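A look at the structure
Listed below, chain by chain, are the residues.
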Amino acid sequence: MGKNRVVIGAQWGDEGKGKIVDLLASEADIIARCQGGANAGHTIVVQSQKFILHLIPSGIIQPGKTCCIGNGVVLDPFAFREELGFLNTRGIDHTGRLFMSPATNLVLPYHKLIDAVEEESRGTSSIGTTMRGIGPAYVDKVARHGIRVADLFHPERLKKRLEFNRQVKARYLEGSSDPRADLDRTYNELLGIVDLLRPMVIDISYFLHHAHREGKSILYEGAQGSMLDVDLGTYPFATSSNTTTGGVLTGLGVGPKMIDEVVGVVKAYTTRVGAGPFPTELVDSIGDQIRTTGDEYGATTGRPRRTGWLDLVALRHAIRINGVDSIAVTKLDVLDNLSEIKVCTHYELHGETIAEVPLDLAELAVVKPVYRTLPGWQSDTTGLTRFGALPEKAQSYLNYVAKDLGVSICLVSTGAKREETILV
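Described below are features of the structure shown in this document. The structure presented is a predicted model; accordingly, all values stated were derived computationally and were not measured.

**Re the overall build of the protein chain**
A tally of regular secondary structure across the protein chain gives 14 helices and 19 strands. On C-alpha atoms alone, the protein chain measures out to a radius of gyration of 21 Å, which is about the 22 Å that the 2.2 N^0.38 rule sets for 424 residues. For the protein chain, the spread of C-alpha atoms along the principal axes amounts to about 65 × 50 × 40 Å. Of all 424 residues assigned to the protein chain, the portion counted as buried reaches 56%. Of the contacts formed within the protein chain by residues at least 6 apart in sequence, a portion of 76% connects residues at least 24 apart. Charge separation in the protein chain, taken as the distance between the mean sites of 46 positive and 50 negative side-chain charges, equals 3 Å.

**Notes on the packing of aromatic side chains**
As enumerated under the stated definition, the model contains four aromatic pairs in all. Ring geometry for Trp12 against Phe278: centres 5.6 Å apart, planes inclined by 50 degrees, an arrangement best described as tilted. With Trp12 in the loop between strand S1 (5-9) and helix H1 (17-24) and Phe278 in the loop between strand S11 (270-272) and helix H11 (285-293), this pair connects stretches of sequence that are 266 residues apart. A residue is classified by how much of its surface remains accessible, and Trp12, at 4% relative accessible area, is buried. For the ring pair Phe99 and Phe207, a centre distance of 6.1 Å and an interplane angle of 45 degrees mean the geometry is tilted. One end of the pair, Phe99, is in strand S7 (residues 98-100); the other, Phe207, is in helix H9 (residues 204-213), and 108 residues separate them in sequence. Just above the ring of Phe51 sits the side chain of Arg90; from NZ or CZ to the centre is 5.2 Å.

**Thoughts on the environment of Gly287**
By secondary structure assignment, the location of Gly287 is in helix H11. Separated by 20 residues in the primary sequence, Gly287 and Thr307 place their C-alpha atoms 5.5 Å from one another. Dropping the residues within four chain positions of it, Gly287 is found in contact with Leu282 and Thr307.

**Observations regarding the environment of Arg372**
Along the chain, Arg372 turns up in strand S17 (residues 368-375). Among the residues examined, Arg372 registers a relative accessible area of 43% and is labelled partly exposed. In this structure, the C-alpha to C-alpha distance between Arg372 and Cys344, residues 28 residues apart in sequence, is 6.4 Å. In contact with Arg372, other than residues within four places in its own chain, are Ile341, Lys342, Val343, Thr345 and Tyr400.

**What to know about the packing of helix H5 (residues 155-168) against helix H7 (residues 183-191)**
Two elements in contact, H5 and H7, have axes whose closest approach is 10 Å; the angle formed by their N-to-C orientations is 150 degrees. Judged by the angle between their axes, H5 and H7 are roughly antiparallel. Where H5 crosses over H7, the two elements pack in a sense that is right-handed. On the side of H5, the interface is formed by Pro155, Leu158, Lys159, Leu162, Asn165 and Arg166, while H7 contributes Leu183, Asp184, Thr186, Tyr187, Leu190 and Leu191. Residue classes in the contact of H5 with H7 are distributed as seven nonpolar, two polar and three charged.

**A short note on helix H3 (residues 109-122)**
Here H3 contains 14 residues, and its C-alpha end-to-end distance of 21 Å stays within 8% of the 20 Å for a straight helix at 1.5 Å per residue. Turning to H3, the residues buried within the fold contact helix H2 (77-89), strand S8 (105-106), helix H4 (134-143), H5, helix H6 (170-173) and H7.

**Let's talk about the pattern of salt bridges**
Across all of its chains, the model carries 23 salt bridges by this definition. For the salt bridge of Asp151 with Arg157, the shortest nitrogen-to-oxygen distance reads 2.9 Å. Taking the shortest distance from any N to any O, the salt bridge between Glu214 and Lys216 comes out at 3.9 Å. In this structure Glu214 comes out as partly exposed when scored by relative accessible area, which is 49%. The network of salt bridges with common partners includes Asp14, Lys267, Glu296, Arg305 and Lys331.

Procedures and definitions
Residues numbered from 1 in each chain as written. Predicted model: local features only at pLDDT ≥ 70, side-chain atom pairs only at ≥ 80, totals over all residues. Heavy atoms only, no water. Helix = DSSP H or I, 4+ residues; strand = E, 2+ residues; numbered from the N terminus. Rg over C-alpha atoms; globule rule 2.2 N^0.38 Å. Buried < 20%, exposed > 50% of the residue type's maximum accessible area, 1.4 Å probe, protein only. Contact = heavy atoms within 4.5 Å. Lys, Arg positive; Asp, Glu negative; His and termini not counted. Charge placed at Lys NZ, Arg CZ, Asp CG, Glu CD. Phe/Tyr/Trp six-rings, centres within 6.5 Å; stacked < 30°, edge-to-face > 60°. Lys NZ or Arg CZ within 6 Å of the ring centre and 35° of its normal. Axes fitted to C-alpha atoms, helices over the stretch in contact; angles between N-to-C directions. Parallel < 35°, antiparallel > 145°, perpendicular 65-115°, else oblique. Left-handed = near helix turned anticlockwise from the far one by under 90°. Nonpolar A, V, L, I, M, F, W, Y, C, P; charged D, E, K, R; others polar. Expected span 1.5 Å × (residues − 1). Salt bridge = Lys/Arg side-chain N within 4 Å of Asp/Glu carboxyl O.

Encoded structure:
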């Protein structure tokens, strides 16, 4: 059997999963996206060309690879069409190698309207949503009145389901002049996209099981990060899906025996977009330096990311809940110019030292980071491709992190380009 890997974000998202999936896709036959929606932003740089993908699996850039979108994803069909157009302009042909589940729920214009209205109503307690309609779409899914890809091929059924949603969402839609509230318009626009999607719709669960029996290798692609998981992340400052390994199983309809390895993607420091607790956040010149050097601005929203030191407490939590076997460390080069680097080893909570993330948000919001200071290497690591070529202090930093987490390092990224990578 081929090796089936999960690539999961081990922090608050933006860890660099796009590049890692693109690299590992060269060793896989199939790349399958399991959850999230167009709120994801996976960036790949190939020969100075930048690709930013939100819905389509990052493996699509690799020639000849088959890509799947599972039932756990919420698909914005209009954003999906735009993304296909973008790939076409870059000469990436998806024909016959991009598929989606008929059970995939749709993100529709009214979901984005609801997202905006609800976020505004939260006032100072806003959660920092991307306004892509992801949360409202997942709400509809759980409430069992979502509209799925399969509904698009039955116009009368689609019309009835839109009409039902017009009734249950009346407080958002009635009297609104926003075009996103016009469900008749949405209906007509959806009919115009049916022929584009029809050839791509297959039973993804069956397809993956059949491929597995044939010995093909599957790479499972997660979106966002483990600390944004709706159950085990910093709820309510979280996304609306399970961003952990469990989300792979339910989001694609595969069993645990179809996973051979879990790779956690870890940025060499920590970032976060939007509101919510962030124990190691730096609100000083060092934080600004990391943001500038690392170009820490959201691929989806363009918002500046909050920056901070590496948080081993949060990483231990992510390693445990995902069953991570090895980590891929990204953006090591961003730390090149620092004379010293701090790493959070524990939290202090009400005078006690703790080594795990408290799931009560009120407690996490008041913890104080306990740091260990490590020497910086102050040497350019950009583009290095051998672990032994790294400065000794950079090697020590990486080895310290791996030992603390109890995992191996499978890969180190030393730049944005595909080739700027150390395979360990």
